[in-house]
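# A closer look at the structure
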Amino acid sequence: MDYTVHPLTSEHWPALEDLFGRAGASNGCWCMYWRLGPRYHQRPREENKHDLERLAGSGPPPGLLAFDGDQAVGWCELAPRADLAWLARNRFLTAGDGLPVWSLPCFFVRRTYRGRGVLGALIEAAVPAAAAGRAPAVEAYPVDTAVPGHTRNLFPGVAATFAGHGFQVVARHKPDRPVMRRGTSP
């Protein structure tokens, strides 16, 4: 399918609200986990939602939305790794080389669109978006579903999908969670 992908701005906020639903994706995270860490659980969901909406309206977009026509069908967080405080401190999800990469730490795809190429469309759109922000590479932290006993929490995406889009493993501190990268230059 052909999807269009747009940065999350105030203009597209209603589409994200529709995609996430009243409770918010991932149990009310509203994609604040990598910015706040586990304390996002201690906050009211509305506070997480408000903070993401503020980010969408105040500066560089905090991620990308995939659309099928007028309906948002997928989301990915995309930001400089340095802006994602919890991710920046996570020793299991780093290549350790200090490269100023942009990160693709999480995804949400509308249930009826899962397995229909939305993740790939978001990944492909993230590379030029990161390049426009002068990032030398995009980094992801997917689950390697080929590893026995892997986590079933697939919000970071699946390693095989990233490999299919040109990402390479640059570190692996946990068997099922590789750090994968793709350069942004053509």
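So, here's what we can say about the structure. All figures in this text were calculated on a predicted structure; none of them were measured in a lab. (Residues numbered from 1 in each chain as written. Predicted model: local features only at pLDDT ≥ 70, side-chain atom pairs only at ≥ 80, totals over all residues. Heavy atoms only, no water.)

Right, let's talk about the overall build of the protein for a bit. Each helix and strand counted, the protein has 7 helices and 9 strands in total. Taken against the 2.2 N^0.38 rule, which gives 16 Å for 186 residues, the C-alpha radius of gyration of the protein at 15 Å falls within 12% of a compact globule. Seen through its principal axes, the protein has C-alpha atoms that stretch 40 × 35 × 35 Å. Taken over 186 residues, the protein has a buried fraction of 49%. For the protein, long-range pairs separated by at least 24 residues make up 65% of all intrachain contacts whose partners lie at least 6 apart in sequence. (Helix = DSSP H or I, 4+ residues; strand = E, 2+ residues; numbered from the N terminus. Rg over C-alpha atoms; globule rule 2.2 N^0.38 Å. Buried < 20%, exposed > 50% of the residue type's maximum accessible area, 1.4 Å probe, protein only. Contact = heavy atoms within 4.5 Å.)

Next up on the list: the sheet that holds strand β1 (residues 4-7). An order of β1-β2-β3-β6 is seen for the 4 strands of this open sheet, with the pairing classed as antiparallel. A single partner strand is all that each edge strand has here, and the edge strands are β1 and β6 (107-109). With strand direction ignored, the average angle separating the axes of adjacent strands in the sheet is 25°. The sheet strands contacting helix α1 (residues 13-20) are β2 (63-68), β3 (71-77) and β6, and the helix crosses β3 at an angle near 90°. Here helix α6 (residues 118-132) sits on the sheet in contact with β1, β2, β3 and β6, set at roughly 135° to β2. (Pairing = 2+ DSSP bridges. Axes fitted to C-alpha atoms, helices over the stretch in contact; angles between N-to-C directions.)

Mapped onto the elements of the fold, E139 is located in strand β7 (residues 137-140). A distance of 2.7 Å separates a polar atom in the side chain of E139 from a polar atom in the side chain of R181. When neighbours within four sequence positions are excluded, E139 is seen to be in contact with R81, L93, A95, V101, W102, S103, L104, V179, M180 and R181. (Polar contact = N/O pair within 3.5 Å; in protein donor to acceptor, adjacent residues only side chain to side chain.)

Let's shift gears to helix α4 (residues 45-58). Taking 1.5 Å per residue, 14 residues should reach 20 Å; α4 reaches 20 Å between its end C-alpha atoms and fits that length. Taken residue by residue, α4 has N48, K49, D51, L52, L55 and A56 as its buried positions. Projection of α4 onto a plane perpendicular to its axis shows the buried side chains occupying an angular sector of 160°, all on one side. Turned more than 90 degrees away from the buried face of α4, the exposed residues are E46 and S58. Residues of α4 that are buried in the fold lie against α1, α2 (25-28) and α3 (33-36). (Expected span 1.5 Å × (residues − 1). Arc of directions from axis to C-beta.)

Running from amino to carboxyl end, α1 crosses α4 at an angle of 150°, the nearest separation of the two axes being 11 Å. Our classification of the angle between α1 and α4 gives roughly antiparallel. Relative to α4, α1 is oriented so that their crossing is right-handed. Taken together, the residues of α4 that come into contact with α1 (itself represented by W13, L16, E17 and F20) are K49, L52, E53 and A56. For the contact of α1 with α4, the residue count by class is 5 nonpolar, no polar and 3 charged. (Parallel < 35°, antiparallel > 145°, perpendicular 65-115°, else oblique. Left-handed = near helix turned anticlockwise from the far one by under 90°. Nonpolar A, V, L, I, M, F, W, Y, C, P; charged D, E, K, R; others polar.)

Turning next to the environment of L64. Looking at the secondary structure, you find L64 in strand β2. When its relative accessible area of 5% is taken as the criterion, L64 is described as buried. Each C-alpha atom, one on L64 and one on R111, is 18 Å from the other, the two residues being 47 residues apart in sequence. With near-sequence residues (within four places) excluded, L64 lies in contact with V5, H6, P7, L8, G74, W75, C76, L78, L122, A125 and A126.

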